Amino acid sequence: LILVVALSGILASRYVLYLLISIGISIISALGLNIITGLTGMISLGHGAFVGVGAYSTAILTDRLGLPFILSVPLAACITSCVGMFFGLPSLRIKGLYLLMSTLAAQVIINFLMMNWRSLTKGVNGYPVAPGSIFGFVLDSETGYFYLVLLMTLLCILLASNVSRSRYGRAFVAIRDHDIAADAIGVNLFKYKTLSFAVGSFFAGLAGALLAHYLRIVTPEHFPLHLSIEYLAMIIVGGLGSVLGCIYGAVFMTLLPEFLKVLMEENLVRMFPGAIGAVPHINNILFGLIIVMFLIFEPHGLAEIHRRVKKYFKLWPFAY
């Protein structure tokens, strides 16, 4: 499967490469939110803003400090990790709906700073970002950047898988299942909740840095509240607490709007030419309905469907 995806970097069109790059960046960000929400059980609505922090950080580091791409991207992820730790501090005393509102406040505050701290972010005009380069090789083509994103996505999947299997991952799951019991058996809630936000925000910052060098410009409009909700939908549709679910969720949530757009434009507009202006609204309605129906009939996500299919073929033809 990895070989097929790698070959698509040479054979696919620019549009397909754009979709694959978008999926890779979404997987990296979804892996971070999965650690915060899926493993540790802390619902966050500020993840899109953390992606924005990573994007602006790499833009500022490369433009004002002159740092190379290979240094600015990990540093931007580390800066985002620190920001995530700061906004994760209230998680020690609050949880559930109250923590949700706290992370929503982080989204609002960071978006406000992006728009109004013009001396740092250049406001709504956007911050131009230079194309990335590694050892003199400029990543100014879709193909070159695709392979970079593919490599980073595979490394992040490996890292997230190992985190979930480590003592830290087991501590995260213990806090998610019952924080009082976890505290009683010696799990340091402050340490592991803060660490969860730090690691999850690191992934978000990395995704934001890669997105910034791909788009070549960063504006506050790229990181609205809708983006945070979309990332949350990815891990819910894919399957909470599952690395495989993050992959499936990112693919599903990235390709579904494109599929609906093509479907509507090719069929509805052909039948009703005057409905061209209503296509975006119909797409949003169908998008929401599909997600709601999906969660009703398969609440454990696409990863659970994958598990059942794999189990069926593993035992076929003798289920006993």
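Notes on the structure follow. As the structure is a computational prediction, the values presented were derived from the model and not from experiment.

1. Regarding the side chain of Glu298
Here comes step 1: Residue position: Glu298 is located in the loop between helix H13 (279–297) and helix H14 (302–315).
Here comes step 2: The class for Glu298 is buried, based on a relative accessible area of 10%.
Here comes step 3: At a separation of 2.8 Å, a polar atom in the side chain of Glu298 contacts the side chain of Arg308.

2. Overview of the environment of Val173
Here comes step 1: Considering the arrangement of structural elements, one finds Val173 in helix H8 (residues 167–177).
Here comes step 2: With 133 residues separating them in the primary sequence, Val173 and Thr40 have C-alpha atoms 5.5 Å apart.

3. Considerations on the nonpolar core
Here comes step 1: Core analysis: the largest hydrophobic core is formed by 79 residues, its most contacted members being Ile28, Leu31, Tyr145, Leu206, Leu210, Phe223 and Met253.
Here comes step 2: Residues contacting Leu210, with those up to four places away along its chain left out, are Ile25, Ile28, Phe69, Tyr145, Leu148 and Met152.

4. With respect to a nonpolar patch on the surface
Here comes step 1: A cluster of nonpolar side chains, contributed by Ile305, Val309, Tyr312, Phe313 and Trp316, occupies part of the molecular surface with about 560 Å² of accessible area.
Here comes step 2: You can see Tyr312 is positioned in helix H14.

5. Quick look at the pattern of salt bridges
Here comes step 1: Per the counting criterion, the structure on display carries 5 salt bridges.
Here comes step 2: Close ionic contact of Glu142 with Arg14 constitutes a salt bridge, the shortest N to O distance being 3.5 Å. Note that Glu142 is positioned in helix H7 (residues 142–165) and Arg14 in helix H2 (residues 14–39), a separation of 128 residues in sequence.
Here comes step 3: Close ionic contact of Asp177 with Arg176 constitutes a salt bridge, the shortest N to O distance being 3.2 Å.
Here comes step 4: By relative accessible area, Arg176 is classed as partly exposed at 34%.
Here comes step 5: Shared partners join several salt bridges into a network, and the residues in it are Glu298, Glu304, Arg307 and Arg308.

6. Describing unusual backbone geometry
Here comes step 1: A positive phi angle is found at Lys122, which is not glycine, with a value near 65°.
Here comes step 2: Mapped onto the elements, Lys122 comes out in the loop between helix H6 (118–121) and strand E1 (127–128).
Here comes step 3: On the accessibility criterion, Lys122 (33% relative accessible area) is partly exposed.
Here comes step 4: One non-glycine residue with positive phi stands out, namely Arg216, at about 70°.
Here comes step 5: By secondary structure assignment, the location of Arg216 is in the loop between helix H10 (189–215) and strand E4 (217–218).
Here comes step 6: Residue classification places Arg216 among the partly exposed residues on the basis of a relative accessible area of 33%.

7. Here's the deal with the environment of Ile229
Here comes step 1: Its place among the elements puts Ile229 in helix H11 (residues 225–238).
Here comes step 2: Under the relative-accessibility criterion, Ile229 is labelled partly exposed at 43%.
Here comes step 3: Taking the C-alpha atoms as reference, Ile229 lies 8.1 Å from Gly48; in sequence the two are 181 residues apart.

8. Observations regarding the side chain of Ser57
Here comes step 1: Considering the arrangement of structural elements, one finds Ser57 in helix H3 (residues 47–64).
Here comes step 2: Contact partners of Ser57, with chain neighbours within four places excluded, come to Ala76 and Ile79.

9. Points about H3
Here comes step 1: In this model, H3 (18 residues) spans 26 Å end to end at C-alpha, consistent with the 26 Å of a helix rising 1.5 Å per residue.
Here comes step 2: Burial of H3 is extensive: 16 of the 18 residues sit out of reach of the surface.
Here comes step 3: Two residues or fewer past H3, Gly66 is found with a positive phi of approximately 70°.

10. What to know about the packing of aromatic side chains
Here comes step 1: According to the stated counting rule, one finds 9 aromatic pairs in the structure shown.
Here comes step 2: Summarising the aromatic geometry, the rings of Phe86 and Phe87 are spaced 5.2 Å apart at their centres and angled 80° between planes, so their arrangement reads as edge-to-face.
Here comes step 3: In this structure Phe87 comes out as buried when scored by relative accessible area, which is 15%.
Here comes step 4: Where Tyr145 meets Tyr214, the ring centres are 5.6 Å apart and the plane angle is 25°; that geometry is what we call stacked. Within this pair, whereas Tyr145 is found in helix H7, its partner Tyr214 is found in helix H10, the two being separated by 69 residues in sequence. Across the pair, exposure class does not vary: Tyr145 and Tyr214 are buried alike.
Here comes step 5: What links up through ring pairs into an aromatic cluster is the set Phe50, Phe86 and Phe87.
Here comes step 6: Lys122 extends its terminal NZ or CZ atom over the ring of Tyr127, reaching a point 4.5 Å from the ring centre.
Here comes step 7: Its end group placed over the ring of Tyr168, Arg167 keeps NZ or CZ at 6.0 Å from the ring centre.

What counts, and where the lines are drawn
Residues numbered from 1 in each chain as written. Predicted model: local features only at pLDDT ≥ 70, side-chain atom pairs only at ≥ 80, totals over all residues. Heavy atoms only, no water. Helix = DSSP H or I, 4+ residues; strand = E, 2+ residues; numbered from the N terminus. Buried < 20%, exposed > 50% of the residue type's maximum accessible area, 1.4 Å probe, protein only. Polar contact = N/O pair within 3.5 Å; in protein donor to acceptor, adjacent residues only side chain to side chain. Core = buried A, V, L, I, M, F, W, Y, C linked by side-chain atoms within 4.5 Å. Contact = heavy atoms within 4.5 Å. Patch = residues over 30% accessible without salt bridge, like charges linked within 9 Å, V, L, I, M, F, W, Y side chains within 5 Å. Areas by Shrake-Rupley, 256 points an atom, 1.4 Å probe, with all protein chains shown as cover. Salt bridge = Lys/Arg side-chain N within 4 Å of Asp/Glu carboxyl O. Expected span 1.5 Å × (residues − 1). Phe/Tyr/Trp six-rings, centres within 6.5 Å; stacked < 30°, edge-to-face > 60°. Lys NZ or Arg CZ within 6 Å of the ring centre and 35° of its normal.

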